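Architecture at a glance
Take a look at the letters that make up each chain.
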Amino acid sequence: MFSGKQTKPTFKSYLPPLQTDVKRSPQLPIKKLEAKLLPGEIVVNEANFVKKCIGGETCQDDLWGKLVCTNFKVSFIAHNSLPQQRFQCAHRLLGEHDVPLACVEQAVTVNDAKGKQKVLGSNQKLKFNPTELILYCKDFRIIRFRFDEAGPESAKKVCLAIAHYSHPADPQLLFGFEYVGKRYHGSTGERVNGVDPGGGLQTPLFDCSSDWDREIKRTGASEWRVCTINQGYFISPSLPEFFVVPVSLADQDLKQYACYFNSQRIPLWCWNHPSGSALVRMSNNSDPQQQRKVEQRISSAITKSHPLRSDVFKSDLDKNLPNIQDIQAALLKLRQICVIEPFEESEEKWLSSLESSRWIEYVRTFLRHAVEVVYMLDSRHVSVILLEKEDRDLSCVISCLVQLMCDPHCRSLHGFQGLIQKEWVMAGHRFLDRCNHLKKNDREESPVFLLFLDCVWQLWNQYPAAFEFTEVYLTVLGDSMWLPIFSTFLFNCPRQRAEHSRDFAISKSIHLGQDQALRFPPVWDWSQQFSLKDQTLFNNPLYVGKIATCVQNGTVKTFTHRRSKKNYSSTLRGLPSALRNGSFSHHDTLTRRNSLVLRLRPDLSQTREQPESPSERFVRDWFSRPADLQGLLLPQLLPSHLSLWKLYFLRWVPEIQIPQGGPVTAFHKLSVLTDEIEMLQNQLRQYKGAGGTPNNTHVEHSKMYFKATSTPHQSHGPPEYLSSSFPFSPVGNLCRPGILGTPLRKFLNGAKIWLSTETLANETI
Amino acid sequence: MASAPIAPYSSSPLGNSSSQHTSRESLKMEPLAGFVSLPGEERIIDKDIIYMCPFNGALKGKVFITNYRLYFKSTDTETPVTLNVPLGVISRIEKMGGATSRGENSYGLDITCKDMRNLRFALKQEGHSRRDIFDILFKYAFPLSHGMQLFAFLSQEKYEENGWNVYEPMEEFRRQGLPNNEWRVTFINKSYELCDTYPTILVVPYKAPDEDLRRVGTFRSRCRIPVLSWFHKQNHAVITRCSQPLVGMSGKRNKDDERYLDLIREANGTTKLTIYDARPNVNAVANKATGGGYEGEDAYQNAELVFLDIHNIHVMRESLKKLKDIVYPNVEESHWLSSLESTHWLEHIKLVLSGAIQVADKVSSGYSVMVHCSDGWDRTAQLTSLSMLMLDSYYRTLRGFQVLLEKEWISFGHKFASRIGHGDKNHADQDRSPIFLQFIDCVWQMTKQFPTAFEFNERLLVVILDHLYSCRFGTFLYNCESARDSNDVRTKTVSLWSLINSDTSSYTNPFYTPESSRVLYPVASMRHLELWVNYYIRWNPRIQHQQQSPVEQRYKELLALRDQYLKKLEELQLTDSAPSSTHLTNSSTPNAATPNQHITHLQTPF
C-alpha cells in the first residue's frame, strides 16, 4: 500500500480512508493521522509528536508521526514520508512502519536524561517518563521511537500499552480470534475479510482423510491406510484426527498401543520412498518395560508394509541433534552478532563469531542427519523410524528435509506447503509455544521452524533451479509466524485449534453457520497478505520442473503435475531419456558402487585416516554424477559450502546493503526472460488453437514479478530500487541503540545532545 | 587448450579450442586416449606410476611427461582419474622415502603446485624409475634453472585472433580523452632510460616538461615517477600512480617532486590532492630506514596522505599458505569459519577492496588521487586497477578487462616473473607472492556482488589464473615491458588473449547488462566477502563441478528456448496467411504485442 500502485479492491477498501485535512498546531501544520485498522482491530493507546529514528548518524531523516498501539500491532503513522521513494512490497495487513505485537520480542523504554532503561513486561509500572522506546523484533528488526516532543504521560501510556498487549494472557486474546470472529458477525455469513479458508487452495491441509488418501496414492504406499480412530481427538490429544498406519495394524491394536507412547502418539507414517521404504515418526515410549514389545509389533507391521519386507532402521534424533534450547541459544547469539553489535567493531571477528553462534553448525547437523536417513531409504532400501521424545520438534525438520531431498513434488510450491501442513501443523509442532506468542515460558521458545527454513534455503542456494519458490518466499513464510492470524502458526496441535475456536465462538456468541469452529485462514492463503502481483515474487524463474523440457519436436507442451510425478517415481528406475542429460542411468551406477567398495579398501589406509562410511560413499558417488534436479538431491555438506542466509538475517543491516546489486539483479533478468518466454508461449498457443484464446491472457497469468516490456529491446541496468535486501528495506527497520551495550557513562555524556526542552522542563537532572 | 591444470573432477575451466591444431604425427609414443597435445608439445617420457590420490587412495596408472605438462591416467577403468598439470604450475618437487623406508609404495615423489594442490606419486624401486622421472620433471618444470626455454617460446599454437593487438596504449589513452590541455603524452621513456620498469608511453601533467620528470625521478624509488593511469571525463580528476618518495631517515625534500604533485592537483583545479599510501603507517615509517618513506605534511601542503593498511607481499604469501592448509586436500571441518578467519585471507581482500573503494569515491567526487606503496608495482596495481574497474564500465567488458590487465599490471611492471617464479626452481624465493591472485579474487568478489555488471564470467578469471602459471602464453611472462621487449615476447609467444578472444562465448556472462555511467561500489564487509570455493576448493572431488554456475547455465538454456520460440513463431507467421495475423493485430491490450513486434524487439545479441 506504500508502493503507490493500488490496483484491485482488497479488504483495505473497508478501512477508513486516510484523512488529509490539515490541522493547526503550534510548530507545524500536521495532517490528521489515523491508524488503518483491520476488522476486529481496536486502538488501545496512542501518542502524537513521536519521532521514528530512521538511522544514520544524523537524525535529519527521522520521521514525525503518531505512535499507535492496537490489539494487533504497533503502528506508526508518519507525517512525512521517507526521504526517498523506496520500493517496498506492500503488505495487506501491515503498513510500512507497522510491527505486529506478536513480533515484538522486547520493548525497552529509556530515559536518557536519567540514564535509566527498563524492559517492559505485561502489567508493569514505569517509574520514569520514557524519552525513547526500542522495540526488539523477532524478525531481527530493531525499531526506535523518540518522545522528545510527545507529552510524557501519553508516551508512558503508549509504551505500557505496547508492553501489555504484546503479552497476551490467553491464546484467545491473540488477534486472530477477533479478526476471524469478525467474519461471522454481521449478516449472512458473508466473508468479511474476503477469506475463503481452505477453499480454492491447491495446498492440501491434511485435515481430512481424502488428503491422506491422495498422498498414499501419490507415493505408491499401497500397504498403508488412513486411520480414523482419533476423530474427536479421543485417543491422542496431539495427533491429528486422520493419520496413516500400516494396513496390518487394526484399529483395535492401535488403541491398545496408544497408551505406551508419549501423549498416546501412535507412530505416524510420513512418506514412502519409490522403493517402498517408509518414513515413519514415533515418540518415545513412556514405559520402557513395554517399549520393546510394542516397538517390535510396530516395526514388524512396518516391515510387512515394505514390498521387500526390509528391516526397519531407527534413527534416534534426540541423541544426534541439538535440542530446542540449543537452537534457541544459537539464534539469540546470531541475532546479537547480526543486528545488535556495532557493525564496524564486529567486522574483524565476524567469521569466528558466526561460528560461535553455532547456528550454521546446527543447520549442517540437521542436513547431515537427513542425508543419513536418505541413504537408508534410497540406498539401503529400508524403512526408517524417526525417534524423538515427543516427536513434535526435531522429527518435523528431519522428516521434511528427507522428503525435500528425495521427492521433487515437495520442491513445488504446493508440494512444499502440503509438506509443512503434514509434518508440522498436523503432526502437532507446538507453534504456539515455540513462537512464544503468549510470552509465558521462555524455555519453550525455540526457532525450530526457522532452522528448518534455513536448511531449505541451503538446499535452495545449492540447487536454485530445483525449487518452484524463491528465497523471498522462504523469508516471508518465516515472517508470517509473527502474524497471529493463521491457523498454521497459532496453535500447538489441531485439537487445541478446534477447542479454542469452539470456545471462543461460544463465549462471543458467534453464530458459526455450517462451520463447526472458527476457521482461521492458513498462511497458504497468501492473498491475505499480498496482492497477486506481489505474490509473483514467490515464483522462481529458474525452476526446472516447468519449462526445460517443454519443447519437444517443435511442439509446445505445458508442464503438468503428471510429469513431475512420473519423474519422481522413476528416480530408481532410470530417467526418461529427455532428462538423462547424457549421464548414466541409476542402474549402471548401482552396480558400480558395489565394485568400488571392494577395490578401494586395501589401499585406503595409506592416504586416509578414517575409512569412508557406506553413507559417505553413497554421498560421494552421488556427487560424482551430474545432479538431476527432478530426482534425488543431496546437499553439499562441506562447511565451506554452507553459508549464512543473508536475505533473512542481514536484510535490515544498512551497512551491507548493496544498492542495485546482489543476487536479485540476476533474478530480475531471469524473471524478465521467463516472462518473455511465457508471452511467446501464449502467442504460439494462439496459432495452435486457431485464435481460440483471447490475446491478453498473458497480462493476468504471468507468473513473473518483473515483466518483459514491449518497448523496443534495450539494455537497462537493474531498477534503482533493487538492492541486496530486496524486497525489504533496512531504512527505519534497524536502529542500533547506541545506549545499550555501551557503558552508562559514555551514554550519559552523549545524552546531552538529545535533551529537548520538554524533558528539561519536566525532569530534574 | 586442454592444457589447463585440470583435475579429472574439475569442470575443466578450459574448453579445448586448440585440439584442432593437434599434430598427432609428432607423437612417437603410444597414443593415449583423452590426451591432446598442443602444437609444439613433445613427449619426453612415460612411466607406470602410482598416484597417491588424497581422495581415492592409491591409483595405478601411467604418467606422461611432455615439455609442457604432466599427464596421468589411471589404468583402472572403474574410476578413471586423469591429471593434466602444466609443468609451469609446479613450484617444488621432492623425493620422499626410499631404500630405508618400508612399504610397497615407498619410493615417492611429492609435487607442490602453485594452484592450491599437491600431487604425490609412488614408483617402483626397480630400474631407478624414480630417479629418471625426478630428473626429467625437475628439468622441464624449471627450464630457466637449466638454461632451457619456457614452453611459451616452443608453442606453435595458432589462433584466429591475435591477442597482442588487444592493448594499444595510445588507443586506450585516446579512449579516455587524452591527451588534452591538462595532460600530455611523453615519449621520454621510449627506450626505458627514465625508468626501466615503466612502459614506453606515459601521460604526465601538461605543464611538466621532460627535464622536470627526470628530476622527479631522482626522488622516487626506482624512478617510478607519478604518471596518469585514468582520467575522469566529466570532472577531470585523475588516478596517478608511482613509487614511494626517497625521504629517508633525514627527511629529505625535493622541490621538483613537490611542484610536480602540485601540477597534478592543479590540472583539474581542485584544492587538494589525496595521496593513498597502500601500506600500513608503521611500514611506511620503517621504509625511511632504507631510504624510502612517505610524503610529509610540511613538504606537500596541498596534499592529504591516507594510509590504507594493506600488508606486504610476505604477509600475503603466508596468508595463502594458511588458506591452502585448511582447504587442501580436505576442507577443515570442525572449525571452518574460525580457521578461515585465522588465515586472514578475506581480511586482506577486504582491505584491498576498501582501499580501492576510497580511491574510486575520491575520484568520482572530483578530486585527483595519487596511489603508491613502496615500489608501486604490487599493492599500487591492485588499487588502481580495482578502482578503475569500479569507475569505468569499459573495464568490465571482456575486452576492457584485458586492456586493464595489460595496462595496470603488465605494462606498469608488476613483477610477474618474480612473484610467480616462472620456470624457476627456487621455490622458497622470498619474492614470490600471490598479489595477482588476490586481485583476481577481489574482482570475483565484485562479480558476486554485481552479477549483471560484468561482461565476463567466473570461468575467465579461473582461466587467467591457470595460465598465470602455465607458461603456455607469453602474457604474464617477465617482470616488465623492457624485459619482454628484449626477449621478443610479442613475436615469439602467443598471447593468452588470442585463446580467449577466439572463443569469447565461453567467457561471456549471460546476465551482463551494459551500464555506461554507473560507478560500482562493492560492499567491503566480512559479511559479504566469501571464499572463492570454485577456485580454491576445486580439486576436491566431493564438490560437484558444473560446467558453469547452474544459474548461468539455466539462463543460457532459457535464452536458447526463447530463440527457439521466436524462430517457431516466425515460421508460423510465414506459413500462416492473413487471417491469423489480423486476429493478432486486433489485440487491444498494449502489453500483448503482436508476434511481429516481438521478433523485432526481442532479438538480443547473445
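Keep in mind that what you see is a predicted model, and the values were worked out from it rather than measured. Every chain begins its residue count from 1, and numbering advances along the sequence as written. As they are written, the chains are lettered A onward and the ligands numbered 1 onward, keeping that order. Confidence filtering applies because this is a predicted model: local features only for residues at pLDDT of at least 70, side-chain atom pairs given and counted only at 80 or more, and all residues used for totals across whole chains, interfaces and linings. Values shown for side chains rest on all heavy atoms present in the structure; no hydrogens or waters enter the calculation.

1. As for the overall build of chain B
Secondary structure elements are defined from DSSP: runs of H or I of at least 4 residues count as helices, runs of E of at least 2 residues count as strands, and each element is numbered from the N terminus. Broken down by element type, chain B carries 20 helices and 14 strands. The rule is simple: take the accessible area with a 1.4 Å probe, protein chains only, and divide by the maximum for that residue type; under 20% is buried, over 50% is exposed, in between is partly exposed. Taken over 606 residues, chain B has a buried fraction of 63%. Contacts between residues were defined by any pair of non-hydrogen atoms, one from each residue, lying within 4.5 Å. Within chain B, residue pairs in contact and separated by at least 24 positions form 71% of the contacts whose partners lie at least 6 positions apart. When the accessible surface of chain B is totalled, it reaches about 22,400 Å², and 49% of it is carbon and sulfur. Only the protein chains shown count as cover for residues, and all accessible areas are computed by the Shrake-Rupley method using a 1.4 Å probe.

2. What about the UniProt feature "binding site: substrate" (unreviewed entry) in chain A?
Residue and element names in this part refer to chain A. UniProt positions are given in the numbering used here, feature names are shortened, and annotations may be inferred rather than shown by experiment. The UniProt entry lists Asn-323 and Ile-324 under the feature "binding site: substrate" (unreviewed entry), expressed in the numbering used here. Within the secondary structure, Asn-323 sits in the loop between helix 6 (317–320) and helix 7 (324–340). Polar contacts, as used here, are pairs of N or O atoms within 3.5 Å; protein pairs need one atom able to donate a hydrogen and one able to accept it. Residues neighboring in sequence count only if both atoms are side-chain atoms. A polar atom in the side chain of Asn-323 sits 2.8 Å from the backbone nitrogen of Asp-326. As for its placement among the helices and strands, Ile-324 is situated in helix 7. Setting aside residues up to four positions removed in sequence, Ile-324 forms contacts with Asp-393, Arg-434, Arg-443, Glu-444, Ser-446 and Val-448.

3. Remarks on the confidence of the model for chain B
Detailed reading of predicted coordinates is not advised where the pLDDT is low. All names here are of chain B. Scored between 0 and 100, pLDDT is the confidence that the predictor attaches to each residue. Of all residues in chain B, 87% attain a pLDDT of 70 or more, and the chain-wide mean is 88. Here residues 1–28 scores under 50 on pLDDT; set against residues more than four positions off or in separate chains, the count is 83 contacts. Predicted confidence is poor over residues 580–606, with pLDDT under 50, and the contacts of this stretch with residues over four places away or in other chains come to 45 contacts. Of the two predicted TM-score estimates for the complex, the pTM is 0.88 and the ipTM is 0.89.

4. Thoughts on the sheet that holds strand 3 (residues 43–52) of chain A
Residues and elements named next belong to chain A. With antiparallel pairing, the eight strands of this open sheet are ordered in space as 6-5-4-3-10-9-7-8. Looking at the sheet topology across the chains shown, the edges are occupied by strand 6 (99–100) and strand 8 (116–120). DSSP-based pairing: two strands are paired if at least 2 bridges between them are found. Where strand 7 (residues 104–111) meets strand 9 (residues 132–137), six bridges bridge the pair, whose relative direction is antiparallel. Bridge pairing links Thr-109 to Leu-133 in strand 9. Its contacts with the sheet put helix 1 (residues 152–165) on strand 3, strand 4 (63–70), strand 5 (73–78), strand 7, strand 8 and strand 9, and the angle it makes with strand 3 is roughly 125°. To get an axis, fit a line to the C-alpha atoms, keeping to the stretch in contact for a helix; angles then go from 0 to 180 degrees between the N-to-C directions.

5. With respect to a positive patch on the surface
On the surface, Lys293(A), Arg297(A), Lys304(A) and Arg309(A) cluster together to form a positively charged patch. Here Arg297(A) lies in helix 5 (residues 288–304). For patch building, the residue pool is restricted to those with more than 30% relative accessible area and no salt bridge; the joining distance is 9 Å between like charges and 5 Å between nonpolar side chains (Val, Leu, Ile, Met, Phe, Trp, Tyr). Salt bridges, as used here, are contacts in which a Lys or Arg side-chain nitrogen is within 4 Å of a carboxyl oxygen on Asp or Glu. Under the counting rule used here, the positive set is Lys and Arg, the negative set is Asp and Glu, and His together with the chain ends is not counted. By convention, charge coordinates are those of NZ in Lys, CZ in Arg, CG in Asp, or CD in Glu.

6. Description of the packing of aromatic side chains
Residue and element names in this part refer to chain A. Stacked, tilted and edge-to-face are the three classes applied to pairs of Phe, Tyr and Trp rings, where Trp contributes its six-membered ring and a pair requires centres within 6.5 Å; stacked means planes under 30 degrees apart, edge-to-face means over 60, and tilted covers the rest. Summed over the entire model, instances satisfying the criterion amount to 69 aromatic pairs over all chains. Here Trp-424 and Phe-431 contribute two aromatic rings whose centre-to-centre distance is 6.1 Å and whose plane-to-plane angle is 35°, an arrangement assigned as tilted. Trp-424 sits in the buried class, given a relative accessible area of 0%. Note on Phe-431: relative accessible area 1%, which makes it buried.

7. Considerations on the sheet that holds strand 13 (residues 303–307) of chain B
Residue and element names in this part refer to chain B. The five strands are arranged 10-11-14-12-13 in an open sheet whose pairing can be described as mixed. The open sheet is flanked by strand 10 (227–231) and strand 13, the only strands paired with a single partner. Across the sheet, the mean angle separating the axes of adjacent strands is 25° when strand polarity is ignored. Inspection of the sheet shows strand 11 (residues 238–242) paired to strand 14 (residues 369–372) by four bridges, in the parallel sense. Residue pairing for strand 14: Thr-240 is matched across the bridge by Met-370. With respect to the sheet, helix 4 (residues 255–266) is in contact with strand 11, strand 12 (273–277) and strand 14, its orientation differing from that of strand 12 by roughly 120°.

8. So, the pattern of salt bridges
Going through the model one piece at a time under the given rule, you end up with 74 salt bridges over all chains. Asp407(A) is the salt-bridge partner of Arg218(A), the closest N and O atoms lying 2.7 Å from each other. Here Asp407(A) lies in the loop between helix 11 (394–406) and helix 12 (413–426) and Arg218(A) lies in helix 3 (residues 209–219), a separation of 189 residues in the sequence. The buried category is assigned to Arg218(A), whose relative accessible area is 12%. In this structure Asp407(A) comes out as buried when scored by relative accessible area, which is 0%. Between Arg538(B) and Asp466(B) there is a salt bridge, with its nearest N and O atoms 2.7 Å apart. Residue Arg538(B) is located in the loop between helix 17 (533–536) and helix 18 (550–575), and its partner Asp466(B) is located in helix 13 (residues 458–470); the two are separated by 72 residues in the primary sequence.

9. Observations regarding the UniProt feature "binding site: substrate" (unreviewed entry) in chain B
Residues and elements named next belong to chain B. UniProt feature "binding site: substrate" (unreviewed entry): in the numbering of this structure it lies at Asn-312, Ile-313, Cys-373, Ser-374, Asp-375, Gly-376, Trp-377, Asp-378 and Arg-379. A compact arrangement is adopted by the annotated residues: their sequence extent is 68 residues, whereas the largest C-alpha distance between any two is 12.3 Å. Take Ile-313: it is sitting in helix 6 (residues 313–327). With near-sequence residues (within four places) excluded, Ile-313 lies in contact with Asp-378, Arg-419, Gln-430, Asp-431, Ser-433 and Ile-435. Within the secondary structure, Cys-373 sits in the loop between strand 14 and helix 9 (379–391). The residues contacting Cys-373, other than those within four sequence positions of it, are Cys-242, Ser-243, Gln-244, Asp-277, Ala-278, Arg-279, Asp-378, Arg-379 and Thr-380.

10. Some words on the nonpolar core
In this structure, Leu401(A), Phe452(A) and Phe401(B) are the most contacted members of the largest nonpolar core, which totals 349 residues. Ranked by the residues each element gives to this core, the list is headed by helix 10 (residues 359–378) of chain A, at 13 residues. Every residue in contact with Leu401(A), bar those within four places of it in the chain, is listed here: Phe366(A), Leu367(A), Ala370(A), Phe452(A), Cys455(A), Val456(A) and Leu459(A). We call a set of buried residues a nonpolar core when its members are Ala, Val, Leu, Ile, Met, Phe, Trp, Tyr or Cys and they connect through side-chain atoms within 4.5 Å of each other. Residues Leu194(B), Val203(B), Leu228(B) and Ile275(B) belong to the second largest nonpolar core, which totals 35 residues.

11. Topic: the packing of helix 9 of chain B against helix 12 (residues 435–449) of chain B
All names here are of chain B. One can describe the packing of helix 9 onto helix 12 by two numbers: an axis separation of 10 Å at closest approach and a directional angle of 20°. The pairing of helix 9 with helix 12 is recorded here as roughly parallel in orientation. The interaxial crossing formed by helix 9 with helix 12 has right-handed handedness. Facing Gln-382, Ser-385, Leu-386, Leu-389 and Met-390 of helix 9, the residues of helix 12 in contact are Ile-435, Gln-438, Phe-439, Cys-442, Val-443 and Met-446. Only Asp, Glu, Lys and Arg are considered charged, only Ala, Val, Leu, Ile, Met, Phe, Trp, Tyr, Cys and Pro nonpolar, and every remaining residue, Gly among them, polar. Across the contact of helix 9 with helix 12, the residue classes tally to eight nonpolar, three polar and no charged. To sort the angles, those under 35 degrees are grouped as roughly parallel, those over 145 as roughly antiparallel, those from 65 to 115 as roughly perpendicular, and the leftovers as oblique. By convention, the crossing between two helices is left-handed when the near helix turns anticlockwise from the far helix through less than a right angle, and right-handed when the turn is clockwise.

12. Digging into helix 5 of chain A
Residues and elements named next belong to chain A. When the terminal C-alpha atoms of helix 5 are compared, their 24 Å separation across 17 residues agrees well with the 24 Å that a helix rising 1.5 Å per residue should span. Residues Val-294, Glu-295, Ile-298, Ser-299, Ala-301, Ile-302 and Thr-303 constitute the buried set of helix 5. Close packing links the buried residues of helix 5 with strand 11 (224–227), strand 12 (243–246), helix 4 (251–258), strand 14 (278–283), strand 15 (312–316) and strand 16 (383–388). One less than the number of residues in a helix, times 1.5 Å, gives the span that helix is expected to have.

13. With respect to unusual backbone geometry
Between Phe726(A) and Pro727(A) the backbone carries a cis peptide bond, its omega angle lying at 0°. One can find Pro727(A) in the loop between helix 26 (697–701) and helix 27 (744–751). Here Tyr328(B) and Pro329(B) are connected by a cis peptide whose omega angle stands at -5°. Examined against the element boundaries, Pro329(B) turns out to sit in the loop between helix 6 and helix 7 (336–343). Positive phi is not limited to glycine here, since Cys223(B) has a value of about 60°. Relative to the assigned elements, Cys223(B) resides in the loop between helix 3 (210–218) and strand 10. Residues other than glycine seldom take positive phi values, yet Asp309(B) does so here, at roughly 65°. Locating Asp309(B) in the fold gives a position in the loop between strand 13 and helix 6.

14. Things to note about the state of the cysteines
All names here are of chain A. Any two cysteine sulfur atoms within 2.5 Å of one another count as a disulfide. On inspection of all chains with the given rule, the structure shows zero disulfides over all chains. Of all cysteine sulfurs, the one in Cys-227 lies closest to Cys-208, which takes part in no disulfide; the gap is 15 Å. The thiol of Cys-270 is not disulfide-bonded; the next cysteine sulfur, from Cys-400, is found 8.5 Å away. You can call Cys-270 buried: its relative accessible area is 0%.

15. What to know about the side chain of Lys439(A)
Residues and elements named next belong to chain A. Along the polypeptide, Lys-439 turns up in the loop between helix 13 (431–435) and helix 14 (448–462). Glu-105 is the oppositely charged side chain nearest to the buried, salt-bridge-free Lys-439, at an N-O distance of 7.4 Å. In this structure the side chain of Lys-439 is engaged in a polar contact, spanning 2.9 Å, whose partner is the backbone oxygen of Ser-166.

16. Observations regarding helix 12 of chain A
All names here are of chain A. With 14 residues, helix 12 extends 18 Å from end C-alpha to end C-alpha; this agrees with the ideal 20 Å at 1.5 Å per step. The element helix 12 is extensively covered by neighbouring structure, given that 13 of its 14 residues are classed as buried. One or two steps after helix 12, the chain reaches Gly-428, where phi turns positive at roughly 85°.

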